[in-house]
Amino acid sequence: MNATGATQPAHPEHPGRTDGVCNEFTVFTKIKPGEVDALREDLAAMADAADDERVHAAVRQIGTLHDARHVIFDNDTRFMFASVFDGSWDTYIDDFAKTVVGARFDKVFSHSEGFPGVKDPEVKDWFLDHQEAAGVFVSAYPDLTVQQIYKDQRVDNAFQEVLDTPEFRAALENPANAELLATPAFQKLLEEASA
């Protein structure tokens with residue numbers, strides 16, 4: 001770990017910092033002359049499609065993407081894509097080409113100079129040429145993968161359903177369970193559930 005709190009990348013040939021299991025990925029490109037309006041339209045369509053269940057299904061299929069953002073900047077001449085993901089850089093790039101997200105990436109990045117296409121064998125070299133490592137990268141949950149977060153969410157939903165049942169309330173009131181209910185672990189569980 002260095003002074004910024006984030007470690008150097010596990011694979012130095014792939015820029016980007018890590019914090020626990022989380023990796024940052026930031027790409028800066030030049031927008032092709034005359035294509036900023038088309039890029040804006042494609043980003044607006046992508047934002048509208050973010051509510052499309054197929055996009056969420058594709059993100060779940062990829063299974064390693066924490067978040068992503070697209071930004072036009074520098075007087076409409078440059079474009080930035082930034083994301084946080086788990087696992088290997090190579091797998092992350094490969095996974096996008098396998099889903100509906102890859103087609104959207106193709107459309108958006110087609111407005112960037114020299115983009116070969118997400119399924120082109122040269123796309124990883126192109127991304128490497130345009131990627132910059134963050135000066136500082138910190139994750140709010142560095143030890144949780146996307147899959148662990150999904151599991152935690154499922155467990156929490158199931159637990160909340162149990163808490164709302166008359167059977168659970170009856171179990172809390174049953175004197176036979178008093179010893180279990182008095183344990184610090186069970187009390188902490190109830191406190192966390194009510195927070």
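Draft legend 1. The packing of aromatic side chains, seen in detail. Counted by the stated rule, this structure contains 18 aromatic pairs. Centroid distance Phe28 to Phe73: 6.0 Å. Interplanar angle 75°. Geometry classified as edge-to-face. Taken together, the positions of Phe28 in strand E2 (residues 22-30) and Phe73 in strand E3 (residues 65-73) put the pair 45 residues apart, joining distant regions of the chain. By relative accessible area, which is 26% here, Phe28 ends up partly exposed.

Draft legend 2. Looking closely at the sheet that holds strand E4 (residues 78-86). In spatial order, the strands read E1-E2-E4-E3; together these four strands make up an open sheet with antiparallel pairing. In the strand order of this sheet, the two ends are held by strand E1 (18-19) and E3, each with one partner. Pairing of E1 with E2, which is carried by two bridges, proceeds in the antiparallel orientation. The partner of Thr18 across the bridge, within E2, is Asn23. Together, E2, E3 and E4 form the strand contacts of helix H4 (residues 100-109), whose direction differs from that of E4 by roughly 155°.

Draft legend 3. Spatial organisation of the side chain of Arg17. Mapped onto the secondary structure, Arg17 falls in the segment before E1. In this structure, Arg17 is buried with no salt-bridge partner, the nearest side chain bearing the opposite charge being Glu24 at 5.8 Å. Only 2.8 Å separates the side chain of Arg17 from the backbone oxygen of Ala134, close enough to count as a polar contact.

Draft legend 4. Examining the environment of Val21 more closely. Its location among the elements puts Val21 in the loop between E1 and E2. C-alpha separation for the pair Val21 and Thr165, spaced 144 residues apart in sequence, amounts to 37 Å. Apart from residues lying up to four places away in sequence, Val21 is in contact with Phe85, Asp86, Gly87, Pro142, Asp143, Leu144 and Thr145.

Draft legend 5. Structural detail: the pattern of salt bridges. Overall, the coordinates contain six salt bridges when judged by the stated rule. Here Arg40 ties to Asp37 by a salt bridge, and the two come within 3.9 Å at their closest N and O atoms. Of the two residues, Arg40 and Asp37 are both situated in helix H1 (residues 36-49); the distance of three residues between them amounts to about one turn of the helix. Classification of Asp37 as exposed rests on a relative accessible area of 52%. With its nearest N and O atoms 2.9 Å apart, the salt bridge here joins Asp94 to Lys124. Within this pair, whereas Asp94 is found in helix H3 (residues 89-97), its partner Lys124 is found in helix H5 (residues 123-130), the two being separated by 30 residues in sequence. Residue class for Asp94 comes out partly exposed when judged on its relative accessible area of 35%. Taken together, the shared-partner salt bridges connect Asp37, Arg40 and Asp76 into one network.

Draft legend 6. The arrangement of unusual backbone geometry in detail. Even without glycine at this site, Asp74 takes up a positive phi of about 55°. According to the relative accessible area criterion, Asp74 is partly exposed, its value standing at 41%. We note that Asn75 has phi near 55°; this positive angle belongs to a residue other than glycine. Tracing the backbone shows Asn75 in the loop between E3 and E4.

Draft legend 7. Geometry of H1. Its 14 residues place the ends of H1 20 Å apart at the C-alpha level, agreeing with the 20 Å of an ideal helix rising 1.5 Å per residue. Every buried residue of H1 is accounted for by Val36, Leu39, Asp42, Leu43, Met46 and Ala49. In an axial view of H1, the angular spread of the buried residues amounts to 140°, which keeps them on one side of the axis. Exposed and oriented more than 90 degrees from the buried face of H1 are Asp37, Glu41 and Asp48. If you follow the buried residues of H1, they end up packed against helix H2 (53-62), E3, E4 and H4.

Procedures and definitions
- Residues numbered from 1 in each chain as written.
- Predicted model: local features only at pLDDT ≥ 70, side-chain atom pairs only at ≥ 80, totals over all residues.
- Heavy atoms only, no water.
- Phe/Tyr/Trp six-rings, centres within 6.5 Å; stacked < 30°, edge-to-face > 60°.
- Helix = DSSP H or I, 4+ residues; strand = E, 2+ residues; numbered from the N terminus.
- Buried < 20%, exposed > 50% of the residue type's maximum accessible area, 1.4 Å probe, protein only.
- Pairing = 2+ DSSP bridges.
- Contact = heavy atoms within 4.5 Å.
- Axes fitted to C-alpha atoms, helices over the stretch in contact; angles between N-to-C directions.
- Lys, Arg positive; Asp, Glu negative; His and termini not counted.
- Salt bridge = Lys/Arg side-chain N within 4 Å of Asp/Glu carboxyl O.
- Polar contact = N/O pair within 3.5 Å; in protein donor to acceptor, adjacent residues only side chain to side chain.
- Expected span 1.5 Å × (residues − 1).
- Arc of directions from axis to C-beta.

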